[in-house]
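Structural overview for review
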Amino acid sequence: MLHAKPFIAALSAAGLSLAALPAMSQNVHISRLYEQVLENIEYTKPGFFLDSFGVVRLNEGATTRIELDVPTNTAIEIMGDCDEDCTDLDLGIYNAAGKLLGEDRYDDYYPIVSFVSEDDGRLALELDLVDCDAAYCYTAYSVFVEGTE
């Protein structure tokens, strides 16, 4: 248990809930995506910190929208990830009025969108599972915000 304390402190500092950990360990795909989210911290731009993340199960060809609140008028970077069965995941970011703020529609499984949030801080993240080698795939998103924790 001594080794878990730095990990728990890091999760708490990042604003992550420990309640999600037992559920995540029940599925190997979700556990791997969680590890990828933590790895994304190393790949984001300097000065950005992890604000939130989530995991979503999608059928091939399906789209989901996730509403989020982010700090207003702030640089944001959102990264998408997918399990090993996924070959193409797309990401679009929309403001509360439906205006497209940024998108990554490349033929890959790791979309990244950078933009500046607007005055209300409300946005919709759209994940499109374009291609999956299975009936469904698990996808994840990581929201990074510029500033201090």
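Structure: above.
The structure contained in this document is the topic of the report that follows. This one's a predicted model, so the numbers in the text were calculated from it and none came from an experiment. (Residues numbered from 1 in each chain as written. Predicted model: local features only at pLDDT ≥ 70, side-chain atom pairs only at ≥ 80, totals over all residues. Heavy atoms only, no water.)

**Thoughts on the overall build of the protein chain**
- Check the secondary structure of the protein chain and you find 3 helices and 8 strands.
- Mapped from its N terminus to its C terminus, the protein chain presents α and β elements in the order α-α-α-β-β-β-β-β-β-β-β.
- Counting across all 149 residues of the protein chain, residues that qualify as buried make up 45%.
- Long-range contacts, defined as pairs at least 24 residues apart, comprise 75% of the intrachain contacts of the protein chain with a sequence gap of at least 6. (Helix = DSSP H or I, 4+ residues; strand = E, 2+ residues; numbered from the N terminus. Buried < 20%, exposed > 50% of the residue type's maximum accessible area, 1.4 Å probe, protein only. Contact = heavy atoms within 4.5 Å.)

**Looking at the sheet that holds strand E6 (residues 112–116)**
- Pairing is antiparallel across the open sheet formed by 4 strands, whose spatial order is E1-E8-E3-E6. At either end of the open sheet lies a strand with only one pairing partner, and these are strand E1 (48–59) and E6. Averaged over neighbouring strand pairs, the angle between their axes works out to 20° when direction is ignored.
- Taken together, the 7 bridges between strand E3 (residues 75–82) and strand E8 (residues 136–146) define a ladder with antiparallel strand orientation. Within E8, the residue paired with Cys82 across the bridge is Thr139. (Pairing = 2+ DSSP bridges. Axes fitted to C-alpha atoms, helices over the stretch in contact; angles between N-to-C directions.)

**Details of the nonpolar core**
- The biggest cluster of nonpolar side chains holds 24 residues, and the ones touching the most others in it are Ile78, Ile93, Leu125, Leu127, Leu129 and Val143.
- Looking at this core, the elements that each hand over two or more residues are E1, strand E2 (63–69), E3, strand E4 (86–95), E6, strand E7 (122–132) and E8.
- Beyond its immediate chain neighbours, meaning those up to four positions away, Leu129 contacts Leu58, Asn59, Glu60, Gly61, Ala62, Cys82, Cys86, Asp88, Leu89 and Cys137.
- Ile30, Val37, Ala75 and Tyr138 belong to the second-largest nonpolar core, a separate cluster that totals 12 residues. (Core = buried A, V, L, I, M, F, W, Y, C linked by side-chain atoms within 4.5 Å.)

**Quick notes on the sheet that holds E2**
- Within the open sheet, the 4 strands sit side by side as E2-E7-E4-E5. Their pairing is antiparallel. Only two strands of the sheet have a single neighbouring strand rather than two, namely E2 and strand E5 (100–104). Each adjacent strand pair in this sheet contributes to an overall mean axis angle of 20°, direction not counted.
- Bridge count between E4 and E5: 4 bridges; the pairing is antiparallel. The partner of Leu91 across the bridge, within E5, is Asp104.

**Observations concerning the state of the cysteines**
- In the structure shown here, the tally under the stated rule is 2 disulfides.
- The residue that forms a disulfide with Cys132 is Cys137, at a sulfur-sulfur distance of 2.0 Å. Judged by the sign of its S-S torsion, about 90°, the cystine formed by Cys132 and Cys137 is right-handed. There is no split in this pair, since Cys132 and Cys137 are both buried.
- Sequence-ordered numbering of the bonded cysteines in the protein chain yields a pairing of 1-2, 3-4. (Disulfide = S-S within 2.5 Å.)

**Some thoughts on a nonpolar patch on the surface**
- Judged by side-chain polarity, Tyr109, Tyr110 and Ile112 come together as a nonpolar surface patch covering roughly 310 Å² of accessible area.
- Relative to the elements of secondary structure, Tyr110 occurs in the loop between E5 and E6. (Patch = residues over 30% accessible without salt bridge, like charges linked within 9 Å, V, L, I, M, F, W, Y side chains within 5 Å. Areas by Shrake-Rupley, 256 points an atom, 1.4 Å probe, with all protein chains shown as cover. Salt bridge = Lys/Arg side-chain N within 4 Å of Asp/Glu carboxyl O.)

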